[in-house]
Amino acid sequence: MNNATNNAIAGAAVVATPGQPVQPAPYKKVDLKSDRPTWCPGCGDFTLLDLYFRLCERRQIPREKITTVSGIGCSSRFPYFVQAHGVHFIHGRAVALASGLSLSRPDLHVFVFSGDGDAFSIGGNHLEHAARKNIHMTLVVMDNYVYGLTKKQTSPTSPIGFKSKTDPTGAVDPPTNPMKKLIAAGATFVARTSHTNPQHALQMMERAMDHNGFSFIECLSECVEFYPGAFDAANPRKGGQFTIIEEKKNDGTPEDQKRHDPSDETAAYKLATLPFPGVFGVFYQAKQRSKNDREQQLIDTARAAAGNAGPLASLQKTFARLK
Amino acid sequence: MSNTSNPNSGTAVVANAVPIKDAVIRIAGNSQDGIQTVGELLARYSGRSAQEVMSYMTIPATISGGPSIYQVRIGSDEVLSVGDEVDVLVAFYQHSYEQHISVLRNGGVLIYDPDQVKPNPDDKRFTCVGVPMTSLTIEAIGGKGRDKGKNMFLLGLIARMFDLNMPKLEAMLKDWGAKRDASTMEATFNAFRAGYGFDVGRMGQNFRFIPNERRTGRPLVVMAGNQAMAYGLIAAGVRFGAAYPITPSSQIMEILRAELPKYGGMFLQAEDEIAAVCAAIGAGYGGRVAVTSTSGPGLSLKTEAIGWAVMAEIPLVVIDVQRGGPSTGLPTKMEQSDLNIAIFGGHGDCPRIVIAPRDVEDAFYSSIEAVDLARHYSSPVIILSDQAIGFRVEAFEEPDLKAIVREMPIDFTPRGADFKPYEDTPEGIPHHAPPGAPIANNNYPILTGLEHNEAGHPGEDPKFHTVMTAKRRRKLQKLAEKLPTPEVFGPAEGDTLLVSWGSSYGPAREAAEKSIAAGEPLSALCIRYLNPLPPGLDKIFDRFKRILVVENNDSGLYGFGQLAAILRSRYCNPRIGGINKADGLSFKVREILEAVHSQAR
């Protein structure tokens, strides 16, 4: 159903553009620049924006079909900075909006950019169910372990001991583990990356985009203003370690035994329990039908059962029953 | 039952049947007795016989079982309410008799099951007919000692009593049983015919409806308000919706979930009320009006997202099948107390369209109108239905589907270089470009809850807020100018005007009819467009000494119900008062007439 030529929802058929549409010239990432980002200088979110431009450029997603959705938070200013269709929605509900958009417009690949507060705290419930239902979209959570827009309060991913305006003596609550949360929720693509390794982050975004269903990426994105140095331990340039998950190649070699099988849910969960900075890459990926596909099947079955009758004939039949 | 001197009936079978044009029948039993089936079959039969009909049922608050009633009013003239009192009461059990005998009118017929009920022998107000329904049903279906099928016995009994057309009724019963097994249907028909064989007329009276002269043309359809609303949405081209189960609106989502795939659409059962409205907004952003249906508590939860749709100017239809509130309130009872949240709910200056259907037929047309308004004005539209309209069954003329049914294509037309989604025009209507629509100057709009400029991008300059707030308000002011002025029923001027909205329409109108017949005329008017209000109400109000707003909600801290308070503030008219109640039940005509007379002037 995420096939551009397959308009599942009746009437989603394009209002014909007169004549054959002219193939537009390929665009460059610079063409996608829009409003000047309001992020602080040095913010990790800049990297994500640039990678999104690169992704669109590389894939040449038709310009008018690029659709970027966000909620509330620093990260969620994202759509304003992309010269394409976009929605800046209310706090925590971007995934819910994207669900309706994705299911009613299967010709789009909806990208949602969110933050740790938006996705894991106020929006936790929607995350859980969009993952479980496998609604086709890509969600990138730019995780900075702090509330930035409201100026340094504890976030659901702030580690215990983190000093913030709401925890002046240090955070006391255990943080959310995004990988565990998403694997347990039933997400079919769960990956982790960091803005400090753009190449890896772009790779994750491409793989997420190629995944049919709900794809989730946690991207560590440093808040230089309110939590500087939070991710140094994952940054080789700061003396840390960026350990990439080696995935099974199924080449029969002995070393392949030790490699990670992303379809192994238990192994993925084990990786998620590693202490910070942990590992980066695809923790879990399962091939399952997306909700979009399942709904399309319901449509196909119902349409066939109704003899592919048009709306007038179908409704007339129903009303005849009600006489 | 009002007798009439016109005895010309259709197919008279039962001898000496008295011609009537109106009857209210209440069947009281337990919820597992199948009385709802009898009530619905009677309602459908009435519709097929071009009779007017309105039903009323109670839903037990318990999960399963418990006392339950189904009341059906059948008329050869317009049926506006379900009836203050009943002409025929059927009591299956002692508790049915005790709880409902008070609504039987003097001279009415009590049909009771002597196997279960001992009526008060000293009460001589009624014609009491004992029909051993339990034992006769067991006898009729083969003496297995089970009385399942008692409802069908009763249907036969009523068919005889009201001289209903047997071949027509049997054909309907066959349709009803199409998916049931042969032995069940054999038992059904045995019980039904045994009931028909029992002549209540020997002890009381048989009746026959005179033909309905108001209906001559189109056939009638019979359905409940929730059904009418769901089919209205489909007719209007809605192909996406989302909701979370909640009484008494769930039926709407159940129908749409089952029906929409046939039309190439889908309905999302969301994880919560908030997700449901957000998904509908997402589909609306995608280019076509989508719907979310709910009831009071759900509307509270959806409020923030509705505010976003007002700000970003996205089309959206929200159905609120009102129930008693606040909080969990009375989940299975009717109330009209969500008007304030529908009109004002949410933070900020947040204008949106609110309409209320007045009966089941209007529920169908209101949902179509809501979709059109949402699309044209790119605005949320809230439809205020209520439990009474949602659940009751009425017969109405089959809509002209050929003229109504429409598709709602997405407008992917490339937008020009001068495209401004929020252009500050006199009409104030935005131009929404959904994803997939190319924008010539590459100045793509971002739909946002932040205050924005004409291009849809946020700015710090507070002057945007002044301009855009005015634009969003002006949009609805322009709509108000185009709305039709409601018609006054009864004298165009006089002492008292009864103003109703939503389901208080029927009883208020019937109260006016009765008062006119009694020579003390009251006038009545129903407001369908609640926000913005239609033009011309002030001039109408000026012609009456007092205006009483009939609404099922509390009279409030300052003595006025929710619509009355709005009308008073809108028109600065101190002669606007109200008739209010909050007992979970629709107004009785009598209650309105008593309030009119008792209220000090």
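The structure presented is a predicted model; accordingly, all values stated were derived computationally and were not measured. (Residues numbered from 1 in each chain as written. Chains lettered and ligands numbered in written order. Predicted model: local features only at pLDDT ≥ 70, side-chain atom pairs only at ≥ 80, totals over all residues.)

### Let's talk about the overall build of chain A
Item 1. Of the regular secondary structure elements, chain A holds nine helices and ten strands.
Item 2. Relative to the 2.2 N^0.38 estimate, which gives 20 Å for 323 residues, the radius of gyration of chain A is 22 Å and therefore close to what a compact globule would have.
Item 3. With respect to the three principal axes, the spread of C-alpha positions in chain A is 70 × 50 × 45 Å.
Item 4. Taking all 323 residues of chain A together, 49% fall into the buried category.
Item 5. For chain A, long-range pairs separated by at least 24 residues make up 66% of all intrachain contacts whose partners lie at least 6 apart in sequence. (Helix = DSSP H or I, 4+ residues; strand = E, 2+ residues; numbered from the N terminus. Rg over C-alpha atoms; globule rule 2.2 N^0.38 Å. Buried ≥ 20, exposed ≤ 12 C-beta atoms within 10 Å, placed from the backbone. Contact = placed C-beta atoms within 7 Å.)

### Quick word on the overall build of chain B
Item 1. Helix and strand counts for chain B come out as 19 helices and 22 strands.
Item 2. For chain B, the spread of C-alpha atoms along the three principal axes comes to 85 × 60 × 45 Å.
Item 3. Within the span of chain B, comprising 601 residues, buried residues form 56% of the whole.
Item 4. The long-range share in chain B, meaning contacts at least 24 apart out of those at least 6 apart in sequence, stands at 72%.

### Description of the interface of chain B and chain A
Interfaces are often sized by the accessible area lost when the parts come together.
Item 1. Listed per partner, the contact involves 62 residues of chain B and 53 residues of chain A.
Item 2. Here the side of chain B that touches chain A gets nine residues from one element, more than from any other, and that element is helix 9 (residues 273–285) of chain B.
Item 3. For the side of chain B that touches chain A, the class distribution of residues is 39 nonpolar, twelve polar and eleven charged. (Nonpolar A, V, L, I, M, F, W, Y, C, P; charged D, E, K, R; others polar.)

### Focus on the sheet that holds strand 2 (residues 85–88) of chain A
Item 1. A sheet is described by the order of its strands in space; here nine strands give the open sequence 9(A)-10(A)-7(A)-8(A)-4(A)-3(A)-1(A)-2(A)-17(B), paired in mixed fashion. Only two strands of the sheet have a single partner each, and these edge strands are strand 9 (243–244) of chain A together with strand 17 (446–448) of chain B.
Item 2. Bridge count for strand 3 (residues 110–115) of chain A against strand 4 (residues 137–143) of chain A is five bridges, and the pairing is parallel. Within the sheet, the bridge partner assigned to Phe111(A) lies in strand 4 of chain A and is Thr138(A).
Item 3. Sitting on the sheet, helix 5 (residues 178–185) of chain A is in contact with strand 4, strand 7 (189–194), strand 8 (214–220) and strand 10 (279–285) of chain A, with an inclination near 165° to strand 7 of chain A. (Pairing = 2+ DSSP bridges. Axes fitted to C-alpha atoms, helices over the stretch in contact; angles between N-to-C directions.)

### Topic: the sheet that holds strand 19 (residues 523–526) of chain B
Residue and element names in this part refer to chain B.
Item 1. In spatial order, the strands read 19-18-21-22; together these four strands make up an open sheet with parallel pairing. Of all strands in the sheet, those bounded by a partner on one side alone are strand 19 and strand 22 (576–580). Here the average twist between neighbouring strands, direction ignored, is 30°.
Item 2. Bridging between strand 21 (residues 544–551) and strand 22 involves five bridges; their strand directions are parallel. The residue of strand 22 that forms the bridge with Val549 is Gly578.

### Some details on the nonpolar core
Item 1. By size, the foremost hydrophobic cluster in this structure holds 273 residues, and its most contacted members are Leu97(A), Val190(A), Ala279(B), Ile281(B), Val317(B) and Leu498(B).
Item 2. Among the elements that take part in this core, helix 9 of chain B stands out by supplying ten residues, more than any other.
Item 3. With sequence-adjacent residues up to four places away left out, Ala279(B) is seen in contact with Ala96(A), Leu97(A), Ser99(A), Gly100(A), Ala242(B), Leu268(B) and Ala270(B). (Core = buried A, V, L, I, M, F, W, Y, C linked by C-beta atoms within 7 Å.)

### Concerning helix 6 (residues 198–210) of chain A
Quick reminder: α-helices carry 3.6 residues per turn. Residues three or four places apart thus point the same way.
Residues and elements named next belong to chain A.
Item 1. The end-to-end C-alpha distance of helix 6, which contains 13 residues, comes to 18 Å, matching closely the 18 Å that a straight helix rising 1.5 Å per residue would cover.
Item 2. Buried residues of helix 6: Ala201, Met204, Met205 and Ala208, and no others. Each buried residue of helix 6 sits inside an arc of 100° when the element is viewed along its axis, so together they form one side. Across helix 6 from its buried face, at more than 90 degrees, point the exposed residues Gln199 and Asp210.
Item 3. Residues of helix 6 that are buried in the fold lie against helix 1 (45–59), strand 4, strand 7 and strand 8. (Expected span 1.5 Å × (residues − 1). Arc of directions from axis to C-beta.)

### Regarding helix 18 (residues 562–571) of chain B
Residues and elements named next belong to chain B.
Item 1. Of all ten residues that make up helix 18, seven are buried, and the element is covered over most of its length.
Item 2. Taken together, the buried positions of helix 18 are occupied by Gln562, Leu563, Ala564, Ala565, Ile566, Leu567 and Arg568.
Item 3. Each element contacted by the buried residues of helix 18 is listed here: helix 11 (339–344), strand 21 and strand 22.
Item 4. Where helix 18 ends, the next residue or the one after it, Cys572, has phi of about 50°, a positive value.

### Quick look at the pairing of strand 18 (residues 494–500) of chain B
All names here are of chain B.
Item 1. Across the seven residues that make up strand 18, a large majority, five, are buried.
Item 2. Where strand 18 meets strand 21, six bridges bridge the pair, whose relative direction is parallel. Within the sheet, the bridge partner assigned to Leu497 lies in strand 21 and is Ile547.

### Section: the packing of helix 9 of chain B against helix 10 (residues 296–312) of chain B
Residue and element names in this part refer to chain B.
Item 1. Where helix 9 contacts helix 10, the two axes come as close as 8 Å, and the packing angle between them is 30°. If you check the angle between helix 9 and helix 10, you find them roughly parallel. The two elements helix 9 and helix 10 meet at a crossing, and its hand is right-handed. Counted together, Glu273, Ile274, Val277, Cys278 and Ile281 of helix 9 and Gly298, Leu301, Lys302, Ala305, Ile306, Trp308 and Ala309 of helix 10 form the full contact between these two elements. (Parallel < 35°, antiparallel > 145°, perpendicular 65-115°, else oblique. Left-handed = near helix turned anticlockwise from the far one by under 90°.)

### Examining unusual backbone geometry
Item 1. Residue Pro326(B) follows Gly325(B) across a cis peptide bond; omega there is 5°.
Item 2. Along the chain, Pro326(B) turns up in the loop between strand 13 (316–322) and helix 11.
Item 3. A cis amide bond, omega -5°, links Asn531(B) with the succeeding residue Pro532(B).
Item 4. Among the structural elements, Pro532(B) can be located in the loop between strand 20 (529–531) and helix 17 (537–542).
Item 5. Despite not being glycine, Gln60(A) has its phi angle at roughly 45°, a positive value.

### Notes on the pairing of strand 8 of chain A
Residues and elements named next belong to chain A.
Item 1. With respect to burial, strand 8 is a largely interior element, seven of its seven residues being buried.
Item 2. Here strand 4 pairs with strand 8 via seven bridges, running parallel. Bridge pairing in strand 8 places Met137 opposite Phe214.
Item 3. As judged from the six bridges shared by strand 7 and strand 8, these two strands associate in the parallel manner. Bridge pairing in strand 8 places Thr193 opposite Cys219.
Item 4. Handedness of the crossover is the feature at issue here: the chain leaves strand 7, passes through helix 6, returns alongside strand 8, and the resulting connection is right-handed. (Right-handed = clockwise from strand over helix to strand, strands pointing away.)

### Topic: the confidence of the model for chain B
Residue and element names in this part refer to chain B.
Item 1. Summarising the model, chain B shows a mean pLDDT of 93, and 96% of its residues fall at 70 or more.
Item 2. In the model, residues 4–10 has pLDDT below 50 throughout and makes eleven contacts with residues more than four positions away in sequence or in other chains.
Item 3. Overall fold confidence (pTM) sits at 0.94, and the ipTM for the predicted complex is 0.94. (pLDDT = per-residue confidence, 0-100.)

### Here's the deal with the packing of helix 16 (residues 505–517) of chain B against helix 19 (residues 589–598) of chain B
Residues and elements named next belong to chain B.
Item 1. Between helix 16 and helix 19, the shortest axis-to-axis distance is 8 Å and the interhelical angle comes to 65°. Between helix 16 and helix 19 the crossing geometry is right-handed. Within the contact between the two elements, helix 16 uses Pro507, Ala508, Glu510, Ala511, Lys514 and Ser515 and helix 19 uses Val589, Ile592 and Leu593.
Item 2. A per-class count over the contact of helix 16 with helix 19 returns six nonpolar, one polar and two charged.

### Thoughts on the environment of Glu206(A)
Item 1. Secondary-structure assignment places Glu206(A) in helix 6.
Item 2. Between the C-alpha atom of Glu206(A) and that of Pro174(A), which follows or precedes it by 32 residues, the distance is 32 Å.

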